[in-house]
Amino acid sequence: MLEIIFARCLPKCIFATITMGKRFNIFDKGKEQKLLKLLYGNEREQNEAFSILRKDALNYCFVRGKKLGFSSEETSELYGEAMLAFCESFQKQGIDASPTGYLKMIAKNKSIDKFKKKKGLIFVNTEQIELSTVEDEKRKEIMELNETGLKKVLHAMENINPLYKTLIHSHYFLKMSLAEIAMEQNASPKVIKTQLARAREAIRKLIK
Amino acid sequence: MNTEILKYLNGQMSPNEQNAFNQRLDADETLSDELMSIVARESFKQDLKNEFKTWESENAISGQKIPFSKIAQIAAVLILIIGLSVVLIHYLEKPSHLIIAEYMEYPLPGNHRNSIANDVDQYPMSDAFDAFREANFEEAAKLFTGYSANHSLTNESNLYAGISLLWTKKQTNIAEAIPYFNTVLATTNDRNDAALYFLAIARYELKEKEEAKRLFQEIAADPNHFKCQQAKAILEAYF
């Protein structure tokens, strides 16, 4: 599943290649520049880039986790959050230089946040936040799923048809349009729309 | 994130609120899409977490696996470094000892044209020379030093006592040999040249290289010295 996501994650940013082409010429050497080119390359190149980035991130998060005394679970969360943030950032605004450095910076910041949370340095217990108060509106950014919510979501995703799961990832995480998904799956957009509606329904049922 | 969706997923809504929210989800496609986005995002994050756990179990816990190519590279570099070091040491390092057969060669009295005793068996120090011939240098040194103390043939016994002590290759014995050579050198006699040469060797072995060099230079400068050529060779190779 991860491979599919990474393979599809980037086409939306291909346009950035055109706009940032000049910058690539300036930094046309070094590992980071090569990686950057791969990130904005074709599907195979993007896969290669993400494979490199994931390896780096795995190693970096492992070392970082050890350094800050994280458990295996906490380190895996750190890795998940860092990669997720990197992918989202890449989708939204693209990356114009040093992908590994950027990814490591994200992981570092996330690890610091995590460490602070662990040590109780900031208020994060979402269950104690009254959602209706103005003050809590300001704290929205630190709101997150609790264990119950996470279990529900994961249970739902694990128990639906794998085809639906792929559709949900493609449409709601990778932000692919129905037409794009239809083209990839050699199906009509209408069929995809129906399948997506069924996928949503299945998820809703399982979440309830 | 939408706080209402979070509250819904986290189970923080009352049954009535939940029903109302479900109805809203049916009617509001944007809200439904937002819920699905959260679901997709969390699922992706979970996949990443699982990836880390798999990686950790494969690499971190059981120890980092070093690929064979990496090991081969390291081995190749090590072999190269060791090989080069051996070659460099062989060519650059100067030899460290002079007490070897090549430099320690000195005729025994029976073969010496100037020896007082052509008939070795009748020679008073024959037992000491026997020990010397048999390379029993500890014993030879003991006997020669005994003769040096009690016998009239002191120059010869002193010289061989010194040579025997040198051959033992022990630092204390080498230091002990020096007075014997100095005693020979204290008077003018036919053993002076040999005593000077072996004294130089003894000084070298005791790491008194400057003094040893001076003595070898003295020998090398004397064309009539029987070890003149050898001294030159030593100066070239050892200093």
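Residues numbered from 1 in each chain as written. Chains lettered and ligands numbered in written order. Predicted model: local features only at pLDDT ≥ 70, side-chain atom pairs only at ≥ 80, totals over all residues. Heavy atoms only, no water.

Peer 1: So, the interface of chain B and chain A: which residues are in play, and what are the values?
Peer 2: Size of an interface, as often reported, equals the accessible area lost when the parts are brought together. In this complex, chain B contributes 36 residues to the contact, which on the side of chain A involves 47 residues. In total, about 4,000 Å² of surface goes out of reach between chain B and chain A, with carbon and sulfur atoms giving 66% of it. It is M36, F44 and F52 of chain B in chain B that bury the most area against chain A; as a group they hold 17% of the surface buried on that side. On the surface where chain B and chain A come into contact, there are 7 salt bridges. The salt bridge involving R204 of chain A is made with D26 of chain B; its shortest N-O contact spans 2.8 Å. Remark: the boundary between chain B and chain A carries 12 residue pairs in polar contact (both at pLDDT 80 or more). (Contact = heavy atoms within 4.5 Å. Buried area = accessible area lost by both parts, 1.4 Å probe. Salt bridge = Lys/Arg side-chain N within 4 Å of Asp/Glu carboxyl O. Polar contact = N/O pair within 3.5 Å; in protein donor to acceptor, adjacent residues only side chain to side chain.)

Peer 1: Provide a residue-level description of helix 7 (residues 137–150) of chain B, including the pertinent values.
Peer 2: Residue and element names in this part refer to chain B. With 14 residues, helix 7 extends 20 Å between its outermost C-alpha atoms, agreeing within 8% with the 20 Å of an ideal straight helix rising 1.5 Å per residue. For helix 7, every residue scored as buried is listed here: F137, A140, A141, F144, T145, Y147 and S148. In an axial view of helix 7, the angular spread of the buried residues amounts to 160°, which keeps them on one side of the axis. Pointing more than 90 degrees away from the buried face of helix 7 are the exposed residues K142, A149 and N150. Looking at the buried residues of helix 7, the elements they touch are helix 6 (126–133), helix 8 (154–167) and helix 9 (171–186). (Helix = DSSP H or I, 4+ residues; strand = E, 2+ residues; numbered from the N terminus. Expected span 1.5 Å × (residues − 1). Buried < 20%, exposed > 50% of the residue type's maximum accessible area, 1.4 Å probe, protein only. Arc of directions from axis to C-beta.)

Peer 1: I'd like to hear about the side chain of Q195 of chain A, residue by residue, with values.
Peer 2: Secondary-structure assignment places Q195 of chain A in helix 11 (residues 189–207). With a relative accessible area of 17%, Q195 of chain A lands in the buried category.

Peer 1: Got a sec to walk through a nonpolar patch on the surface? Specific residues and values, please.
Peer 2: Residues and elements named next belong to chain B. Where nonpolar side chains cluster on the molecular surface, the patch consists of I74, L78, I82 and V86 and spans about 380 Å² of accessible area. Its place among the elements puts I82 in helix 4 (residues 68–92). Accessibility expressed as a relative area gives 52% for I82, which makes it exposed. (Patch = residues over 30% accessible without salt bridge, like charges linked within 9 Å, V, L, I, M, F, W, Y side chains within 5 Å. Areas by Shrake-Rupley, 256 points an atom, 1.4 Å probe, with all protein chains shown as cover.)

Peer 1: Just give me the short version of the confidence of the model for chain A, but keep the residues and values in it.
Peer 2: Residue and element names in this part refer to chain A. Overall, the predicted model of chain A reaches an average pLDDT of 78, with 75% of residues at or above 70. Here residues 13–28 is a poorly scored stretch, pLDDT under 50, and it has 17 contacts once near neighbours within four places are set aside; other chains count. Confidence over residues 126–132 falls short of pLDDT 50; this stretch has 17 contacts with residues more than four positions distant or in other chains. (pLDDT = per-residue confidence, 0-100.)

Peer 1: Quick rundown of the packing of helix 8 (residues 147–158) of chain A against helix 11 of chain A? Include the residues and the values.
Peer 2: Residues and elements named next belong to chain A. Packing of helix 8 against helix 11 brings their axes to within 9 Å, and their N-to-C directions diverge by 135°. Relative to helix 11, the element helix 8 is oriented oblique. The chirality of how helix 8 crosses helix 11 is right-handed. Touching K152, H155, A156 and M157 of helix 8 are I203, L206 and I207, all from helix 11. For the contact of helix 8 with helix 11, the per-class residue count stands at 5 nonpolar, 1 polar and 1 charged. (Axes fitted to C-alpha atoms, helices over the stretch in contact; angles between N-to-C directions. Parallel < 35°, antiparallel > 145°, perpendicular 65-115°, else oblique. Left-handed = near helix turned anticlockwise from the far one by under 90°. Nonpolar A, V, L, I, M, F, W, Y, C, P; charged D, E, K, R; others polar.)

Peer 1: Let's hear about the confidence of the model for chain B: which residues, and what values?
Peer 2: Residue and element names in this part refer to chain B. Confidence in the prediction of chain B, expressed as mean pLDDT, is 83, and 87% of residues score 70 or more. pLDDT under 50 marks residues 112–121. Its contacts with residues more than four places away, or in other chains, come to 17 contacts. This prediction of the complex comes with two scores: 0.51 for pTM and 0.73 for ipTM.

Peer 1: Before we move on, can you summarise the pattern of salt bridges with the specific residues and values?
Peer 2: Going through the model one piece at a time under the given rule, you end up with 21 salt bridges over all chains. Here K114 of chain A ties to E77 of chain A by a salt bridge, and the two come within 2.8 Å at their closest N and O atoms. Linking K114 of chain A in helix 6 (residues 99–118) with E77 of chain A in helix 5 (residues 72–93), this pair joins segments that are 37 residues apart in sequence. By relative accessible area, K114 of chain A is classed as buried at 13%. The partly exposed category is assigned to E77 of chain A, whose relative accessible area is 23%. A salt bridge links E42 of chain B to R41 of chain B, with the shortest nitrogen-to-oxygen separation between them at 3.8 Å. Residue R41 of chain B is classed as partly exposed on the basis of its relative accessible area, which comes to 24%. Among the charged side chains, a salt-bridge network with shared partners connects E73, E77, E81 and K114 of chain A together with K45, K49 and K53 of chain B.

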